[in-house]
Each structure stands twice: as structure tokens, then as C-alpha cells.
Amino acid sequence: MNILFSCAGRRNYLLQYFKDALAGSGKVFATDSSLLAPTMAEADQSFLVPPINAEHYLEVLLGICKDNEVGLIVSLNDHELPVLAAAKEEFAAIGTTVVVSDLSVIELCFDKGLTERFCEKVGIKTSLTFTSLESATQAIEANTLKFPLFVKPRWGSGSAGIEKVENLQELNLAWEFNSIKLNRWGLRVGDNQESGLLIQQALPGHEYGIDIINDLKGNYQATFVKQKLGMRAGETDKAKTVDMPIFEEIGRKISEALGHVGNLDCDFFVDGDDIYLLEMNPRFGGGYPFSGEAGVDVPSALIAWALGKEPDASWKDIKFNITTAKCDRLVKVSEV
């Protein structure tokens, strides 16, 4: 099986995990709109493609998959996921399986307002969330919402536009400033009824990253837990794998209610007996390598499922109390 990473960017470690899983039985390709993307230098073969918002982007990607007998596509870009989700049947027609959830799942995960309602529905605690400055201000005056708070894009990606505020003046300034900046970040701005921003109560406790794994049909398979020990540019930088059985129940509950495909990268806060879900990302997130370095092998499982086989049970064999830190590595790239 040949595998394609689209919008491959800089996540070389994921590319290597899939190479290891293939063990020479296929090639790993990469596409990106920049020849300077580090993964382009380390894939078995790389393809320069137009930006994902170009009219012919999908046509180009389908052509690459057909010409190179790609069996599996893994996207690493939030903005590309809806494009691929809408075209899953087109890829299936040429024999390519796309590791992507349905559009409804992607929308729920990317809309932090919908995520809050999902948490209420399945009985999981989350941060108090307000989608207007007026409603948040009223809650502050009623003493039901307290500083510190976060102002953030409702349909955000990465850590763009997240501001921590400690008082009412900072809240008003952050709301006004981020409202202006939304368009520059290329994020959705809402409509006449709702803003593209929201305000959330800061959560207490320690932060954990959770991988909830479903198969390609959306069936629950496993949950892996890491305690975050350090962050950098909005992404987990240091983490330790931990054994917390309570998350097995939570992971299964989320999986069965959501029905996502592949990896669901989730952020939780744990404060004593209280567990809060902050957000969900329906793709491989920056926290996956901490599972991978501790023995988890999701790439092998995805390959097996795409081939209509059951993966070896050892893909779930995680080692606990493994602490890992990311570091920079230089890669020679070519502009030709």
C-alpha cells in the first residue's frame, strides 16, 4: 500500500511512523504547496500542489492518487479536512481511502460553541462558554463567570488569536482587537447573529492530551492518555504517558457519540475528581508522537483496516510513565 500525507508540512515524525509500519511494503508520498516543507525532503516522493482553496486543488490531488496507486490519505491540515470529507467517494472510486471523519463531525469539533453543546449532551464537563461579549459581561456582573478568561476564535486552528484576560478592560480590548484580526488569520467570522469569537472560563487543574482511536468505520478501538508537561506555540512539547482508567470510559463515550474516523486528539483538564473537556481535533494532533514513542502504533492499525484486515493486537501496547520531549532537527530542502 502507498500512503499520501497531504498538507504534510513539518511533521516528519508521522511520516517516519508510517514508513516503519509499511516496512518496505509500500511508499510514503507527501504533498504541500511549498517545496520548503520539511516532509517534502524525506518522503519517498513529493508533489508540489496548489493551495487547498484553489479551484483545481482536488483535481490535482485525485490525479496524484490515481497515478501513484495511493491506498490511504492522511491529512495534517485543519482547513483541508472539510475538502477531503466532501470528496471521500471520489477518492474511493479510484481505490483511495481517506482517513477523515464526516463533515458533521468536523464541523462539531472545529466549532467550539457546538463542542460545548456536545459535552452537555454526553454528560462531560467543559469550560463555561459565551459566544457574545454582552452575555459574558452579564455573567461577570452576576458573578457566575470569573477571571481569568480566554478570548479565542470560535472556529480556531492552532493557537491563533487566543488571549488570556484578567479584567474587564482587557476583555473588551481583546474582543475588539481579535474581531478585527479574524479575517487576517483566514478564520470564519460568524454571521449577523453570532460572532467568530467566544469567551471561555479558564479551567483549573493539570492538562492532559488524549488520543481516542476509532477504526475507519467509526468504531471505538482505544484511548491513550498523556499528561502535558510543557507547551510550545500552542502544541504539546513535553508529555508523559499515564495510566488513568477513567479516560477509557470517557474515550468510549465520546467515540460512540461522535463516530469519528481515525485519531481524535482531545485536550482535557483534571482538577481532583473533576474532568473537563476543552477541545477536540479530528486528526493526528501534536500530541500523538508521545503515544507513538511509548509503543502505540496507530499507523499499522490504519493500514490493516484499509486493507480489510484486523491489526495485530500489539498496536495498542502502550508503556506508561514514558516521558518524551520534542526537539528541532534540520532538514535540507530543495526549491527546485
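Our subject is the structure that appears above.
### A look at the sheet that holds strand β2 (residues 28-32)
Moving on, step 1. Reading across the sheet, the five strands line up as β3-β2-β1-β4-β5 and stay open at both edges, with parallel pairing between neighbours. Pairing within the sheet leaves two strands with one partner each, and these edge strands are β3 (45-48) and β5 (97-98).
Moving on, step 2. One ladder, built from four bridges, connects β2 with β3; its direction is parallel. By the bridge assignment, Thr31 is partnered in β3 with Phe47.
Moving on, step 3. Set on the sheet, helix α3 (residues 57-67) makes contact with β1 (2-6), β2, β3 and β4 (70-75); between it and β1 the angle comes to about 160°.

### Some remarks on the packing of helix α1 (residues 12-22) against helix α12 (residues 298-306)
Moving on, step 1. Axis separation between α1 and α12 bottoms out at 8 Å; the angle between their running directions is 55°. As summarised for this structure, α1 and α12 are arranged oblique, according to the angle between their axes. Crossing geometry of α1 relative to α12 is assigned as right-handed. Here α1 contributes Tyr17, Phe18, Ala21 and Leu22 to the contact with α12, which in turn contributes Pro299, Ser300, Leu302 and Ile303.
Moving on, step 2. For the contact of α1 with α12, a count of residues per class yields seven nonpolar, one polar and no charged.

### Description of the pattern of salt bridges
Moving on, step 1. This model, assessed by the stated rule, comprises 16 salt bridges.
Moving on, step 2. A salt bridge links Glu42 to Arg329, with the shortest nitrogen-to-oxygen separation between them at 2.9 Å. In this pair, Glu42 sits in helix α2 (residues 38-42) while Arg329 sits in the segment after β16 (323-325), placing the two residues 287 residues apart along the sequence.
Moving on, step 3. With a relative accessible area of 23%, Glu42 lands in the partly exposed category.
Moving on, step 4. With a closest N to O distance of 2.3 Å, Asp78 and Arg283 form a salt bridge. Pair noted here: Asp78 is in the loop between β4 and α4 (81-86) and Arg283 is in the loop between β15 (274-281) and α11 (288-292), with a separation of 205 residues, a long-range link.
Moving on, step 5. For Asp78, a relative accessible area of 8% corresponds to the buried category.
Moving on, step 6. Through salt bridges with shared partners, a single network forms among Arg10, Arg232 and Asp328.

### Observations regarding the state of the cysteines
Moving on, step 1. Applying the stated criterion across every chain, the model contains zero disulfides.
Moving on, step 2. Free of any disulfide, Cys119 has its nearest cysteine sulfur in Cys266, 9.1 Å distant.
Moving on, step 3. Not engaged in a disulfide, the cysteine Cys266 finds its nearest cysteine sulfur in Cys109; these two sulfurs lie 7.4 Å apart.

### What to know about the pairing of β1
Regular strands place their side chains on alternate faces of the sheet.
Moving on, step 1. Among the five residues in β1, five count as buried, and that is most of the element.
Moving on, step 2. The alternating pattern of β1 places Asn2, Leu4 and Ser6 and Ile3 and Phe5 on opposite faces, both of which are buried.
Moving on, step 3. Here β1 pairs with β4 via five bridges, running parallel. Along β4, the bridge assignment pairs Asn2 with Val70.
Moving on, step 4. Relative to β2, β1 runs parallel, the two sharing three bridges. The residue bridging Leu4 from the neighbouring strand is Phe29, located in β2.
Moving on, step 5. For the segment spanning β1, α1 and β2, crossover handedness is right-handed.

### Observations regarding the nonpolar core
Note that soluble globular proteins tend to have their nonpolar side chains buried in a common cluster.
Moving on, step 1. Phe91, Ile254, Phe268 and Met280 are the most contacted members of the largest nonpolar core, which totals 47 residues.
Moving on, step 2. For this core, the element with the most residues is α3, which contributes six residues.
Moving on, step 3. Every residue in contact with Phe268, bar those within four places of it in the chain, is listed here: Ile124, His206, Glu207, Tyr208, Ile210, Phe247, Ile250, Ile254, Ile275, Tyr276, Leu277 and Leu278.
Moving on, step 4. Core analysis: the second largest hydrophobic core is formed by 32 residues, Ala222, Phe284, Val296 and Leu302 among them.

Quick notes on the rules
Residues numbered from 1 in each chain as written. Predicted model: local features only at pLDDT ≥ 70, side-chain atom pairs only at ≥ 80, totals over all residues. Heavy atoms only, no water. Pairing = 2+ DSSP bridges. Helix = DSSP H or I, 4+ residues; strand = E, 2+ residues; numbered from the N terminus. Contact = heavy atoms within 4.5 Å. Axes fitted to C-alpha atoms, helices over the stretch in contact; angles between N-to-C directions. Parallel < 35°, antiparallel > 145°, perpendicular 65-115°, else oblique. Left-handed = near helix turned anticlockwise from the far one by under 90°. Nonpolar A, V, L, I, M, F, W, Y, C, P; charged D, E, K, R; others polar. Salt bridge = Lys/Arg side-chain N within 4 Å of Asp/Glu carboxyl O. Buried < 20%, exposed > 50% of the residue type's maximum accessible area, 1.4 Å probe, protein only. Disulfide = S-S within 2.5 Å. Right-handed = clockwise from strand over helix to strand, strands pointing away. Core = buried A, V, L, I, M, F, W, Y, C linked by side-chain atoms within 4.5 Å.

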